[in-house]
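Structural features, examined
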Amino acid sequence: MSILLIEIVPQGMIFGADRNISERTQYSTPDGKTVIHNYGQSQRSKIFRWPKPQILVGYVGLSEIGMKPSDEWLLDFIGNSPKWNTLKELAESLSHSVEKQLKFDGGETRLLIIMLGGFEERDGVMLPLLYEIRNYHAAGPKTYDDIRKEFAFIEVKWPVKNKELKDWIKQYADQYEPYWVHQGEDLGTFNAIEAMLRGAFRVLCSQQHPEHNFPQTLSDWERQVRMAVLTYGAYFQAYKGPHEQLVGGGADILSLEWP
């Protein structure tokens, strides 16, 4: 699976992800059941930067698309993408392309979530935009359900007017509660660990710890994201077996400054 952590702060947008890719085999038993056997992990990047205009791309779930590792398929799509004018057009194009490819590939229907993030001007205001491209059509507190071959693309909606958004985001960041989107393995556990970390660093900052001041820059917030991803990887090392390291292998972090 994976963990993908997105944070929006007054300074910009951050994507963070672990690097483990599960190596596995699949076979059918005599009674017709499908058995999936995990036998190890390799490391690949799950987040990427779209060059012009700058957009961040991240994924969790299916590790192979079109007989290629998912990161290679996504990088090929970035390189060969048709022209588009808005992030919505790009999300729609990517959603249709990945759905078409996976239907052509056939095989087992498995979860895939792709996140696109960037900044666009709307009504004279520069806004952070997030799109979720997904083939799950229902979700519980800890699981993704109703996984189909059909994909949808969903824009993450903000609860305030465009002109009020940056102040709204700043209010949460000032409380050490930055706006976030989490995707990945056992989100209930990750959310608890990530909240614990924020609480710990809030205490360190309030005590004027010499190495832990309240985040002032995008780089400061990046460190928090990296710490959360690495800590979740440590959780898997401590509590899961050697063939169950669905999260781990280090952390990749990318960010975009708020224009």
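Because the structure is predicted, anything quoted here is derived from the model rather than measured. Counting restarts for each chain: residues are numbered from 1 in the order of the written sequence. For a predicted model such as this one, the threshold for reporting local features is a pLDDT of at least 70, and the threshold for listing and counting side-chain atom pairs is 80 or more; totals across whole chains, interfaces and linings nevertheless cover every residue. Side-chain calculation: all heavy atoms of the structure are included, whereas hydrogens and water are not.

1. Structural notes on the overall build of the chain
Secondary structure elements are taken from DSSP: a helix is a run of H or I of four residues or more, a strand is a run of E of two residues or more, and numbering for both begins at the N terminus. When you go through the chain residue by residue, the secondary structure sums to five helices and 13 strands. Here the globule rule reads 2.2 Å times residues to the power 0.38, and the radius of gyration is calculated from C-alpha atoms. For the chain, whose C-alpha radius of gyration is 19 Å, the value lies close to the compact-globule estimate of 18 Å for 259 residues. Along the longest, intermediate and shortest principal axes, the C-alpha atoms of the chain span 60 × 45 × 30 Å. Think of it in three bands: residues with accessible area under 20% of the maximum for their type are buried, residues over 50% are exposed, and the middle band is partly exposed, with areas taken using a 1.4 Å probe on protein chains only. Burial status across the chain gives 46% buried among its 259 residues. It only takes one pair of heavy atoms within 4.5 Å for two residues to be counted as in contact. Restricting to contacts in the chain with at least 6 residues of sequence separation, those with at least 24 account for 65%. When the accessible surface of the chain is split by element, carbon and sulfur atoms take 50% of a total near 13200 Å². Surface accessibility in these figures is a Shrake-Rupley result with a 1.4 Å probe; residues are shielded only by whichever protein chains are displayed.

2. Some remarks on the sheet that holds strand 1 (residues 3–9)
Read from one edge of the open sheet, four strands run 12-1-2-13, paired in antiparallel fashion. The open sheet terminates on both sides in strands that have one partner only, identified here as strand 12 (179–184) and strand 13 (251–257). Here the average twist between neighbouring strands, direction ignored, is 10°. Criterion used throughout: strands pair if DSSP finds at least two bridges between them. Where strand 2 (residues 12–18) lies against strand 13, seven bridges are found, and the strand directions are antiparallel. By the bridge assignment, G12 is partnered in strand 13 with E257. Angular values range over 0 to 180 degrees, each being the angle between N-to-C directions of two axes fitted as lines to C-alpha atoms, with helices fitted over their stretch in contact. The sheet strands contacting helix 4 (residues 187–206) are strand 1 and strand 12, and the helix crosses strand 12 at an angle near 145°.

3. What to know about the packing of helix 1 (residues 70–80) against helix 2 (residues 87–105)
Two numbers describe a pair of packed helices, the interaxial angle and the distance between the axes. Between helix 1 and helix 2, whose axes approach to 12 Å, the crossing angle comes to 130°. With respect to helix 2, the axis of helix 1 lies oblique. Handedness of the helix 1/helix 2 crossing: right-handed. Two secondary-structure elements touch here, helix 1 through W73, L74 and F77 and helix 2 through L90, S93, L94, S97, V98 and Q101. When residues are grouped by polarity, Ala, Val, Leu, Ile, Met, Phe, Trp, Tyr, Cys and Pro land in nonpolar, Asp, Glu, Lys and Arg in charged, and all others, Gly among them, in polar. By residue class, the composition of the contact of helix 1 with helix 2 is six nonpolar, three polar and no charged. In this scheme, roughly parallel covers angles under 35 degrees and roughly antiparallel covers those over 145, while 65 to 115 is roughly perpendicular and the rest are oblique. Throughout, a crossing is termed right-handed when the near helix is turned clockwise from the far one, and left-handed when it is turned anticlockwise from it by less than a right angle.

4. Quick notes on the environment of K166
Note that K166 resides in helix 3 (residues 165–174). On a C-alpha basis, the gap between K166 and L127 in space is 8.1 Å, while along the polypeptide they are 39 residues apart. Non-local contacts of K166, meaning those with residues more than four positions away in its chain, are made with P10 and W258.

5. Some details on empty space enclosed by the protein
If a probe as big as a water molecule is rolled over the atoms, it shows which places are left empty. Space inside and on the surface of the protein is sampled on a 1 Å grid over the protein atoms alone, with a cavity defined as a set of points where a 1.4 Å probe fits but cannot get out and a pocket as an open set with protein on both sides within 12 Å along at least 5 of 7 lines; lining residues have an atom within 4 Å of a point. Grid points are joined across faces, edges and corners, and a volume is the space filled by probe spheres set on the points. Under the criterion given, the structure shown has one cavity of 30 Å³ or more. Taken as a whole, the largest cavity spans an internal volume of roughly 100 Å³. Lining the largest cavity are 13 residues, with E194, L197, R198, Q224 and A228 sitting closest to its centre. Counting only elements with at least two residues in the lining of the largest cavity, the list comes to strand 1, helix 4 and helix 5 (218–239). No other element matches the five residues that helix 5 contributes to the lining of the largest cavity. Grouping the constituent residues of the lining of the largest cavity by class yields nine nonpolar, one polar and three charged.

6. Section: unusual backbone geometry
The backbone of M67 shows a phi angle near 65°, a positive value even though the residue is not glycine. If you trace the backbone, M67 turns up in the loop between strand 7 (64–65) and strand 8 (68–69). For M67, a relative accessible area of 71% puts it in the exposed group.

7. Regarding the packing of aromatic side chains
Whether two aromatic rings pair depends on their centres lying within 6.5 Å, for rings of Phe, Tyr and Trp, where Trp uses its six-membered ring; planes under 30 degrees apart make the pair stacked, over 60 edge-to-face, and the rest tilted. Within this structure, the stated rule accounts for 17 aromatic pairs. Where Y232 meets Y235, the ring centres are 5.8 Å apart and the plane angle is 5°; that geometry is what we call stacked. With Y232 and Y235 both in helix 5 and three residues apart, this pair spans about one turn of that helix. Accessibility classification places Y232 together with Y235 in one group, the buried group. Only when the NZ atom of a Lys or the CZ atom of an Arg is both within 6 Å of the ring centre and within 35 degrees of the ring normal do we say a charge sits over the ring. Against the face of Y136 rests R134, its NZ or CZ located 4.6 Å from the ring centre.

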